[in-house]
Amino acid sequence: PIPNVRGQFQLENISTAIATLRSINHLKVSEKHIKDGITKIKSIARLQEIDSGKLKKLVKNNKLLIDGSHNPLGAKALNEYLESLNCNKHIILGMMGNKDHNKYMSYFKNISSLTTIDIPNQPNSIKGKALKNKLNSFNNIKYKKSIIDAINSIPVKENDIILITGSLYLAGEVLNLN
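Residues numbered from 1 in each chain as written. Predicted model: local features only at pLDDT ≥ 70, side-chain atom pairs only at ≥ 80, totals over all residues. Heavy atoms only, no water.

Asks: Outline a nonpolar patch on the surface, supporting the account with residue identities and numerical values.
Replies: Taken together, L21, L27 and V29 make up a surface patch of nonpolar side chains, about 200 Å² in accessible area. Its place among the elements puts V29 in the loop between α1 (8-23) and α2 (31-39). (Patch = residues over 30% accessible without salt bridge, like charges linked within 9 Å, V, L, I, M, F, W, Y side chains within 5 Å. Areas by Shrake-Rupley, 256 points an atom, 1.4 Å probe, with all protein chains shown as cover. Salt bridge = Lys/Arg side-chain N within 4 Å of Asp/Glu carboxyl O. Helix = DSSP H or I, 4+ residues; strand = E, 2+ residues; numbered from the N terminus.)

Asks: I'd like a description of the pairing of strand β6 (residues 161-165), backed by residues and values.
Replies: Each regular strand carries side chains that alternate between the two faces of the sheet. For β6, the buried fraction is high: five of the five residues fall into the buried class. Here β6 shows two buried faces, one formed by I161, L163 and T165 and the other by I162 and I164. Alignment of strand β2 (residues 63-67) against β6, held across five bridges, turns out to be parallel. Of the residues in β6, the one forming a bridge with L65 is L163. In this structure, strand β3 (residues 89-93) lies alongside β6, joined through five bridges in parallel fashion. Paired with I91 across the strands is L163, a residue of β6. (Buried < 20%, exposed > 50% of the residue type's maximum accessible area, 1.4 Å probe, protein only. Pairing = 2+ DSSP bridges.)

Asks: Quick rundown of the pattern of salt bridges? Include the residues and the values.
Replies: The final tally for this structure, using the stated rule, is three salt bridges. Of the charged contacts, one joins E31 and R22 as a salt bridge, the two residues approaching to 2.7 Å between their closest N and O atoms. Owing to a relative accessible area of 41%, E31 belongs among the partly exposed residues under this scheme. A salt bridge links K32 to D36; its shortest N-O distance comes to 2.7 Å. You can see K32 and its partner D36 sitting in helix α2, four residues apart, about one turn around the helix. The class of D36 is partly exposed, set by a relative accessible area of 28%.

Asks: Provide a residue-level description of the packing of α1 against α2, including the pertinent values.
Replies: Between α1 and α2, whose axes approach to 11 Å, the crossing angle comes to 160°. Taken together, the axes of α1 and α2 are roughly antiparallel relative to one another. Of the two possible hands of crossing, α1 and α2 adopt the one that is right-handed. Here I14, I18 and R22 of α1 come into contact with α2, specifically with E31, I34 and I38. Residue composition of the contact of α1 with α2, by class: four nonpolar, no polar and two charged. (Axes fitted to C-alpha atoms, helices over the stretch in contact; angles between N-to-C directions. Parallel < 35°, antiparallel > 145°, perpendicular 65-115°, else oblique. Left-handed = near helix turned anticlockwise from the far one by under 90°. Contact = heavy atoms within 4.5 Å. Nonpolar A, V, L, I, M, F, W, Y, C, P; charged D, E, K, R; others polar.)

So this is what it looks like as structure tokens:
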């Protein structure tokens, strides 16, 4: 069956795990165990869809995803998933100060808007205004003070996706806020 995750990189990880389980004979993992496992996976902050709660209400019928990727390889995999979708993509971005912000964002193509924010409760994060200034190659970029302000500022149309990304710390704050 199709695993309960999004993105090619997740499917590759699951395939590797299944192959490993099948090669270790003494574990006694059955095909039923594998099928049950891959259909019940909960991948927290890895292309996780927020399908209920306070923040979901703000986006109404649109999709709200969070992904804790924070390095260029993660951005590359995340963009590959986004490119497979036929819709407008809006990114809300918060990152730690020690990351390669421009390299991370260089992988994102064809996004409709980019909103930078501060990561609450993280003194080592880059401030959203400074991040916006660093990413000046993006035409449709703005800064908002909070996650809620950022979501409310995006002019979503039917079938649009809002993705909150750039840090596992940010993903945790989003989940707590929701």
